[in-house]
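Tertiary structure, described
The chain contents come next:
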Amino acid sequence: MMGAVGWFAVAAVGGCIIGYILSIVIAKATGSRVIAETEKMKTDAKKEADQILREARVTAKADVVKLKEEFEAEIRDRRREQLSAEKRLAQKEENLERKEDSLDSKFRNIEKKEHDIEALKERLSNKEEELKKVFANQVTELERISGMDRETAKNLILEKLKGEVENECGILIRNTLDEAKQRAERESQKLMIHAIQRYAGDCTYERTTATIPLPNDEMKGRIIGREGRNIRALEAATGVNILIDDTPEAVVISCFDPIRKETARRLLEKLISDGRIHPTRIEELVKKIRKEIDEELFEYGEKAVLDASVQGVPKALLPLLGRLHFRFSFSQNVLKHSIETAAFMGAIASELGLDEQKARRIGLFHDIGKAVDHEIEGTHAAIGADILRKYNEAKDVINAVAAHHGEVEGLTVYAALTNACDALSASRPGARSETTELYLKRLEQLETIANDFSGVESCFALQAGREIRVVVQPEKISEAQAQVMARDICNRIEKEMNYPGQIKVSIIRETRSVEYAK
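A few points on the structure. Given the structure is predicted, the values throughout are model-derived calculations rather than measurements.

**As for the sheet that holds strand 7 (residues 467-472)**
With respect to topology, three strands assemble into an open sheet ordered 6-7-8, the strand pairing being mixed. Of all the strands in the sheet, just strand 6 (456-462) and strand 8 (504-509) have a single pairing partner and so form its edges. Neighbour-to-neighbour, the strand axes of the sheet open up by a mean angle of 20°, direction not taken into account. As paired strands, strand 6 and strand 7 are joined by six bridges and run antiparallel to one another. Note on strand 7: the bridge partner recorded for Ala-461 is Ile-468.

Written as structure tokens, this is what we have:
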């Protein structure tokens, strides 16, 4: 039993040994093959490495050549830049050397000039001393020759200079005034023309008396009545004067109150057409006519307010405005004149940027005092201002009405505008007419004012009193004094006279030298 086990163990050991030997043999065979393959791989790798090394050497050589070329090109560029910089430096050094030489030359010249200036100062100082001595000698000699001391001569020269300065001042004043007048005239003409173009009014003619036509001369006796009772009743009821003269088929009504005159005119026309003329009938008709006229006055006032485009007028003022319809000033209807002035003021105020409504209001009211100036003592401007003050008008409106003839000082621009537009409406051609007596009186007053000035040789009023020419004595009145005289004459005319429009004052100073050849 044990023998079998032993054999089995020997067999197992033998198998292991045989397996070991076989593994060794197999391992050697495999190692030889691996070594052969390794050698082959070494050989291939060596060949590949040699190939890569050759390629790398070629590439490196090409790169080295390229870098060398680039380096050489850069070196060449830097050399060119260096040469250019050296050239510029050389030029700058040359320029600096030239500037240095120039500055040295200038410094030398300056030093020379300074030396010359010092020498010149010394010579001038010497000359100044000499001139002072010469001047002192000449002053002494002049005093001896002229017989005047220095102060007297100085005063004489100052008087002469004063005359020359006055002459120059007169010329300057004249030129300045002419320029200002021309500029103001141009601007004012534009405004006036603009205002006139926007308004067109009819010219009316004054009737100082009312003439009533009669159907026959027998009607004169009926108007007079028995022992004059009818005519006395007419005059007592209306407050007018009835003139019955040799004029055929006509009687004349005369009265300072236009409302009374209109009442009497209508009364006579109705009495003549009716034929019944007696005191009772006269009293009945007078009451009826006065009521009609009162209604008409209110209507005329309303229409004037509408025509003037004025708002917020108290009703109590409307009859006063209506009364102006029957009032005339130098043949110009006062109500139409007021409406026209309002239109001018509104147009100009809008151009000047002022309150157009206020300007129109002032223009419409500026002559309202003429409605009652025959009943109340005072000027129509002052009366008008009192009326407007009673009805609580604005202060600037009242001031403009009171100042539109210069009786009080105008506090606003509206006062000056009222004065200008009032004159514009009154002085336009055809607006007003004057009696011969007033015309001659104005001419005489113009010449009297001019003759009051010393140095006036003669004067002449021309162009219907719108210009006065004054001839002065040239040896007494200089050019500058002539200018001053013109201004003084204008001031006196403005203060002492009433006139429409403007008056031109011309001073004529003429020098003539006459000789006769024999």
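Resuming the write-up.
**Remarks on the environment of Glu-340**
Relative to the elements of secondary structure, Glu-340 occurs in helix 8 (residues 334-352). Among the residues examined, Glu-340 registers a relative accessible area of 2% and is labelled buried. Considering only alpha carbons, one finds Glu-340 and Asp-307, 33 residues apart in sequence, at a separation of 9.3 Å.

**Comments concerning the packing of aromatic side chains**
A complete count under the given rule lists one aromatic pair for this structure. Relative to Phe-326, the ring of Tyr-300 lies with its centre 5.9 Å away and its plane at 85°, an arrangement referred to as edge-to-face. You can see Tyr-300 sitting in helix 6 (residues 279-308) and its partner Phe-326 sitting in the loop between helix 7 (318-323) and strand 4 (328-329), a full 26 residues away along the chain.

**So, helix 10 (residues 380-390)**
The set of residues buried in helix 10 consists of His-380, Ala-381, Ile-383, Gly-384, Ala-385, Ile-387 and Leu-388. Immediately beyond the C-terminal end of helix 10, within one or two residues, lies Asn-392, with a positive phi of roughly 60°.

**Overview of the packing of helix 9 (residues 356-365) against helix 11 (residues 395-402)**
For any two helices packed against each other, one specifies the inter-axial angle together with the distance between the axes. In the contact formed by helix 9 and helix 11, the axes pass within 10 Å of each other and the chain directions differ by 40°. In terms of orientation, helix 9 and helix 11 fall into the oblique class. The handedness of the crossing between helix 9 and helix 11 comes out as right-handed. For the pair helix 9 and helix 11, the contacting residues are Lys-358, Ile-362 and Phe-365 in the first and Asp-396, Val-397, Ala-400 and Val-401 in the second. Its residues assigned to classes, the contact of helix 9 with helix 11 comprises five nonpolar, no polar and two charged.

**Some points on a nonpolar patch on the surface**
Together, Val-13, Ile-17, Tyr-20, Ile-21, Ile-24 and Val-25 line one region of the surface with nonpolar side chains, adding up to about 560 Å² of accessible area. Inspection of the secondary structure assignment puts Val-13 in helix 1 (residues 2-146).

**Some points on the pattern of salt bridges**
Following the criterion strictly, the structure yields 20 salt bridges and no others. Where Glu-262 meets Arg-266, a salt bridge forms, and the shortest distance between an N and an O atom there is 2.8 Å. With Glu-262 and Arg-266 both in helix 5 (residues 258-274) and four residues apart, this pair spans about one turn of that helix. Using a relative accessible area of 13% as the deciding quantity, one classes Glu-262 as buried. Between Glu-479 and Arg-509 there is a salt bridge, with the nearest N and O atoms lying 3.3 Å from each other. In this pair, Glu-479 is assigned in helix 14 (residues 479-496) and Arg-509 in strand 8, connecting sequence segments 30 residues apart. Each of Glu-262, Arg-265, Arg-266, Glu-269 and Glu-296 takes part in a single network of salt bridges with overlapping partners.

**Structural notes on the pairing of strand 7**
Note on strand geometry: in a regular strand, side chains alternate between the two faces of the sheet. Judged from the six bridges that link them, strand 7 and strand 8 form a sheet pairing that is parallel. Its bridge partner being in strand 8, Val-471 is matched across the sheet by Ile-508.

**As for helix 6**
With 30 residues, helix 6 extends 42 Å between its outermost C-alpha atoms, agreeing within 8% with the 44 Å of an ideal straight helix rising 1.5 Å per residue. All of the buried residues along helix 6 are Arg-281, Ile-282, Leu-285, Val-286, Ile-289, Ile-293, Leu-297, Gly-301, Ala-304, Val-305 and Ala-308. As for helix 6, its buried residues are in contact with helix 4 (229-238), helix 5, helix 7, helix 8 and helix 9. Ser-309 sits one or two positions beyond helix 6 and adopts a positive phi of about 60°.

**Focus: the nonpolar core**
Among the nonpolar cores identified, the biggest contains 40 residues, and Leu-317, Leu-364 and Phe-365 are the most heavily contacted of them. Of all the elements in the fold, those that place two or more residues in this core are helix 6, helix 7, helix 8, helix 9, helix 10, helix 11 and helix 12 (413-427). Of the residues forming this core, the biggest block, eight residues, is contributed by helix 8. For Phe-365, the residues in contact, after removing those within four places along its chain, are Val-313, Leu-317, Leu-321, Leu-388, Glu-393 and Val-401. Formed by 28 residues, the second largest nonpolar core is a distinct cluster that contains Met-219, Ala-237, Ile-259 and Ala-264.

Calculation rules
- Residues numbered from 1 in each chain as written.
- Predicted model: local features only at pLDDT ≥ 70, side-chain atom pairs only at ≥ 80, totals over all residues.
- Heavy atoms only, no water.
- Pairing = 2+ DSSP bridges.
- Helix = DSSP H or I, 4+ residues; strand = E, 2+ residues; numbered from the N terminus.
- Axes fitted to C-alpha atoms, helices over the stretch in contact; angles between N-to-C directions.
- Buried < 20%, exposed > 50% of the residue type's maximum accessible area, 1.4 Å probe, protein only.
- Phe/Tyr/Trp six-rings, centres within 6.5 Å; stacked < 30°, edge-to-face > 60°.
- Parallel < 35°, antiparallel > 145°, perpendicular 65-115°, else oblique.
- Left-handed = near helix turned anticlockwise from the far one by under 90°.
- Contact = heavy atoms within 4.5 Å.
- Nonpolar A, V, L, I, M, F, W, Y, C, P; charged D, E, K, R; others polar.
- Patch = residues over 30% accessible without salt bridge, like charges linked within 9 Å, V, L, I, M, F, W, Y side chains within 5 Å.
- Areas by Shrake-Rupley, 256 points an atom, 1.4 Å probe, with all protein chains shown as cover.
- Salt bridge = Lys/Arg side-chain N within 4 Å of Asp/Glu carboxyl O.
- Expected span 1.5 Å × (residues − 1).
- Core = buried A, V, L, I, M, F, W, Y, C linked by side-chain atoms within 4.5 Å.

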